[in-house]
Amino acid sequence: MNHPAIEVRGVNRVFGKGRKQVDALSDVDLTVADGEFVSLIGPSGCGKSTLLRLVADLDVATSGELAVFGKSARQARLDQEYGIAFQQSGLLPWRTVAGNVELPLKLHGVSTEIRRRRVAELLELVGLSDFAKSHPDQLSGGMQQRVAIARALAESPRLLLMDEPFGALDEITRERMQNELVRICAETGAAVLFVTHSIPEAVFLSDRVVVMSPRPGRITGIVDVRADGMVAAHDRSAGARDEEGFFRAVGEVRSLLHGTPAPAVTARGVDSR
Ligand SMILES: Nc1ncnc2c1ncn2[C@@H]1O[C@H](COP(=O)(O)OP(=O)(O)OP(=O)(O)O)[C@@H](O)[C@H]1O
């Protein structure tokens, strides 16, 4: 049986005790299918990063169940089922670009020859073949983020966990990186759980956008961007951002975020009543 990439059931995360208690996540249920791109969006402090960290086995839920490809988060980490990319690229400044990308492979004892081939493939995938010998401080922010994505993909994970990976980039670079990520996901077939503060970014990238409430973080709604006929199922071309359906989806996510009535959306378009 094919397991979903992520299954979260009734997850709660409480930090601290007594007057200092923080209910970060409350009764969260979420399934991310194999190969699906799901974004988490919500106000600051609503628990997006906490949820991602639980999936990545960087933190443990107070209660509830969580599985990654049918395994515990810990087992999935040990089996290198996922790659992680955060807002700060987290590259090691003293290693070259190639040296950074190959690091996970080296740590897992992959032979020099296989590492060399895999790094060449990955750098080609992210368009940085000419920069293998450069150091991170010789690259722009967008290029550094592409190196981080290449590193996250090094072990061919079936799942990518991304926490605002483009948050520190300027708007032009950010859109370019979104286009790149779409292409990389199409080529690798990886599922993605993606945290962002940007509604257009979430709509452009995702199959589904999960909207969370202010603390304690709960899921208040899910916009099924592709299934609701807002953005054509396979259209993630750069031009999709100018389609009417794209704006409808953005409007729907925004109204869920702000708790205002959503415009009625049908498969045929906006219901203007
Ligand atoms: N280790 C911790 N100890 C105590 N409180 C924590 C810890 N980690 C997170 N929190 C609290 O849990 C809540 C959720 O934090 P989290 O970082 O998940 O939010 P977020 O939605 O990712 O926020 P942002 O959009 O600002 O990055 C916040 O109130 C935060 O202060």
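Owing to the predicted nature of the structure, the values given are computational and were not obtained by experimental measurement.

With respect to the packing of helix α3 (residues 97-107) against helix α4 (residues 112-125)
Their axes nearest at 10 Å, the elements α3 and α4 cross at an angle of 130 degrees. Considered as vectors, α3 and α4 are oriented oblique to each other. Of the two possible hands of crossing, α3 and α4 adopt the one that is right-handed. On α4, the residues touching A98, V101, E102, L105 and K106 of α3 are R115, R118, V119, L122 and L123.

Here we look at the sheet that holds strand β3 (residues 37-41)
Spatially, 6 strands are ordered β5-β6-β7-β3-β8-β9 in an open sheet, and the strand pairing comes out mixed. Each edge of the open sheet carries a strand with a single partner, namely β5 (82-86) and β9 (219-223). Across the sheet, the mean angle separating the axes of adjacent strands is 15 degrees when strand polarity is ignored. Relative to strand β8 (residues 208-212), β3 runs parallel, the two being bridged by 4 bridges. The residue bridging I41 from the neighbouring strand is V211, located in β8. Here helix α1 (residues 48-55) sits on the sheet in contact with β3, β6 (159-163), β7 (191-195) and β8, set at roughly 145 degrees to β7. On the sheet, helix α8 (residues 244-258) packs against β3, β8 and β9 and is oriented at approximately 175 degrees with respect to β9.

Observations concerning the site of the ligand
By nearness alone, 13 residues border the ligand, and F15, A24, S44, S49 and T50 come closest of all. Contributions of two or more residues to the shell around the ligand are made by β2 (22-32) and α1. No other element matches α1, which puts 3 residues into the shell around the ligand. Split by residue class, the shell around the ligand holds 4 nonpolar, 7 polar and 2 charged.

About the cut-offs
- Residues numbered from 1 in each chain as written.
- Predicted model: local features only at pLDDT ≥ 70, side-chain atom pairs only at ≥ 80, totals over all residues.
- Axes fitted to C-alpha atoms, helices over the stretch in contact; angles between N-to-C directions.
- Helix = DSSP H or I, 4+ residues; strand = E, 2+ residues; numbered from the N terminus.
- Parallel < 35°, antiparallel > 145°, perpendicular 65-115°, else oblique.
- Left-handed = near helix turned anticlockwise from the far one by under 90°.
- Contact = placed C-beta atoms within 7 Å.
- Pairing = 2+ DSSP bridges.
- Near = placed C-beta within 6 Å.
- Nonpolar A, V, L, I, M, F, W, Y, C, P; charged D, E, K, R; others polar.

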